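Residue-level listing of the chains:
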Amino acid sequence: YTADLRKTLLFPQRSGRITIPSGSLEMVFSVPSGKKISSFFGPQEVMVDVKKALKTNPLEIAVKPLPENKPESYANAVGNFTLKPLLSNTVTRANEAITLQLEISGTGNLKLIRTPEVAFPDNFERYDPTVDNIFNVTTNVLTGMRRIEYMVIPRYEGSYTLPPVEFTYFDPGSATYKTLTTPEYRLNVEKGESGSAPGTS
């Protein structure tokens, strides 16, 4: 008889030969004692619990390096992904918040993806992006979505351009880098009320 006791999904962080060390665990087995007792159903084998230490053999794996021609927008992503952008609004007032949301979905090393850089206009006050992960581990892959939300506050009225955001990943199936791009957005910021930004004092 065989049984799967534990499965672990691993993502190597460097190329070359990597050794996965041996693991050990202690288990309790019920084994026949060699003694029998009489019962209503006839002679019954007496079972006893025996502790046994088990140890796996170390494993060595060969990790290929990624191609050298990495684009600047490469986000440390390996797998197959899609990119969905969502901008809260394109017409707003000064001192009112705007949010840009990027949803990166697919199969691969989602936990290791680097947050894409967004080139907001200089006079936009920027906040650290928030990241929400929804992951599902199946037999051999990690699937799910990483939702990244950027919040900015324009301080002055005017017309602005939000350039496209690029997200590049390596596709093992085709052994090539693939770049996904959001649209270019035109932002119209109207004159707002003077004073503090929403949520500040």
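Predicted model, so just to flag it, every value in this text is computed and none were measured.

Enquirer: How would you summarise the overall build of the protein chain if you had to cite specific residues and measurements?
Expert: Counting its regular elements, the protein chain contains zero helices and 14 strands. Here the C-alpha radius of gyration of the protein chain, 28 Å, is well above what a compact globule of 201 residues would show, namely 17 Å. If you line up the protein chain on its principal axes, its C-alpha atoms span 95 × 45 × 25 Å. Within the protein chain, buried positions represent 26% of all 201 residues. In the protein chain, the proportion of contacts linking residues at least 24 apart, taken out of those at least 6 apart, comes to 69%. Each charge class in the protein chain can be summarised by its mean position, and for the 22 positive and 21 negative side chains these summaries are 12 Å apart.

Enquirer: How would you summarise the layout of surface pockets if you had to cite specific residues and measurements?
Expert: In this structure, the largest pocket encloses a volume near 590 Å³. As for the largest pocket, its lining consists of 17 residues, of which Pro12, Val63, Lys64, Leu66 and Val78 are closest to the centre. When residues of the lining of the largest pocket are assigned to their parent elements, the largest contribution, three residues, is made by strand E5 (residues 74–87). Of the residues assigned to the lining of the largest pocket, the class counts are ten nonpolar, four polar and three charged.

Enquirer: Can you tell me about the sheet that holds strand E11 (residues 158–162), naming the residues and giving the values?
Expert: Strand order in the open sheet formed by three strands is E6-E14-E11, with mixed pairing between adjacent strands. Edge strands, defined here as strands with exactly one partner in the open sheet, are strand E6 (91–93) and E11. Within the sheet, the average angular offset between the axes of one strand and its neighbour, ignoring direction, is 30°. The pairing of E11 with strand E14 (residues 185–190) spans five bridges and is antiparallel.

Enquirer: Explain the pairing of strand E7 (residues 98–108) residue by residue, including any values.
Expert: Where burial is concerned, most of E7 is hidden: eight out of the eleven residues are buried. The pairing of E5 with E7 spans nine bridges and is classified as antiparallel. When the sheet's bridge partners are listed, Pro85 is paired in E7 with Leu102. Bridge analysis of E7 against strand E10 (residues 142–154) gives ten bridges, and the strand direction is antiparallel. Bridge pairing in E10 links Thr107 to Thr143.

Enquirer: Tell me what's going on with a nonpolar patch on the surface, and back it up with residues and numbers.
Expert: Together, Leu9, Phe11 and Val137 make up an exposed nonpolar region whose accessible area comes to about 240 Å². Turning to its location among the elements, Leu9 is positioned in the segment before strand E1 (16–20). You can call Leu9 partly exposed: its relative accessible area is 31%.

Enquirer: How would you explain the nonpolar core if you had to name every residue and give the values?
Expert: Counting 27 residues, the largest nonpolar core has Phe81, Leu100, Ile113, Phe120, Phe124, Leu162 and Phe167 as the members making the most contacts within it. Those elements that provide at least two residues to this core are E5, E7, E10, E11, strand E12 (166–171) and E14. Top element by residues in this core is E5. It accounts for five residues. Other than its neighbours up to four places away in sequence, Phe167 contacts Ser73, Ala75, Ala77, Phe81, Leu83, Ile104, Ile113, Pro116, Lys178, Thr179 and Leu180.

Enquirer: Describe the packing of aromatic side chains, naming the residues involved and giving the relevant values.
Expert: Enumeration over the complete set of coordinates arrives at seven aromatic pairs. With 5.0 Å between their ring centres and 75° between their planes, Phe124 and Tyr160 make a pair best called edge-to-face. Of this pair, Phe124 sits in strand E8 (residues 124–126) while Tyr160 sits in strand E11, and the two are 36 residues apart along the sequence. Like Phe124, the residue Tyr160 is buried in the burial classification.

Conventions adopted
- Residues numbered from 1 in each chain as written.
- Predicted model: local features only at pLDDT ≥ 70, side-chain atom pairs only at ≥ 80, totals over all residues.
- Heavy atoms only, no water.
- Helix = DSSP H or I, 4+ residues; strand = E, 2+ residues; numbered from the N terminus.
- Rg over C-alpha atoms; globule rule 2.2 N^0.38 Å.
- Buried < 20%, exposed > 50% of the residue type's maximum accessible area, 1.4 Å probe, protein only.
- Contact = heavy atoms within 4.5 Å.
- Lys, Arg positive; Asp, Glu negative; His and termini not counted.
- Charge placed at Lys NZ, Arg CZ, Asp CG, Glu CD.
- 1 Å grid on protein atoms, 1.4 Å probe; cavity = no way out; pocket = protein on both sides within 12 Å on 5 of 7 lines; lining within 4 Å.
- Points joined across faces, edges and corners; volume = space filled by probe spheres on them.
- Nonpolar A, V, L, I, M, F, W, Y, C, P; charged D, E, K, R; others polar.
- Pairing = 2+ DSSP bridges.
- Axes fitted to C-alpha atoms, helices over the stretch in contact; angles between N-to-C directions.
- Patch = residues over 30% accessible without salt bridge, like charges linked within 9 Å, V, L, I, M, F, W, Y side chains within 5 Å.
- Areas by Shrake-Rupley, 256 points an atom, 1.4 Å probe, with all protein chains shown as cover.
- Salt bridge = Lys/Arg side-chain N within 4 Å of Asp/Glu carboxyl O.
- Core = buried A, V, L, I, M, F, W, Y, C linked by side-chain atoms within 4.5 Å.
- Phe/Tyr/Trp six-rings, centres within 6.5 Å; stacked < 30°, edge-to-face > 60°.

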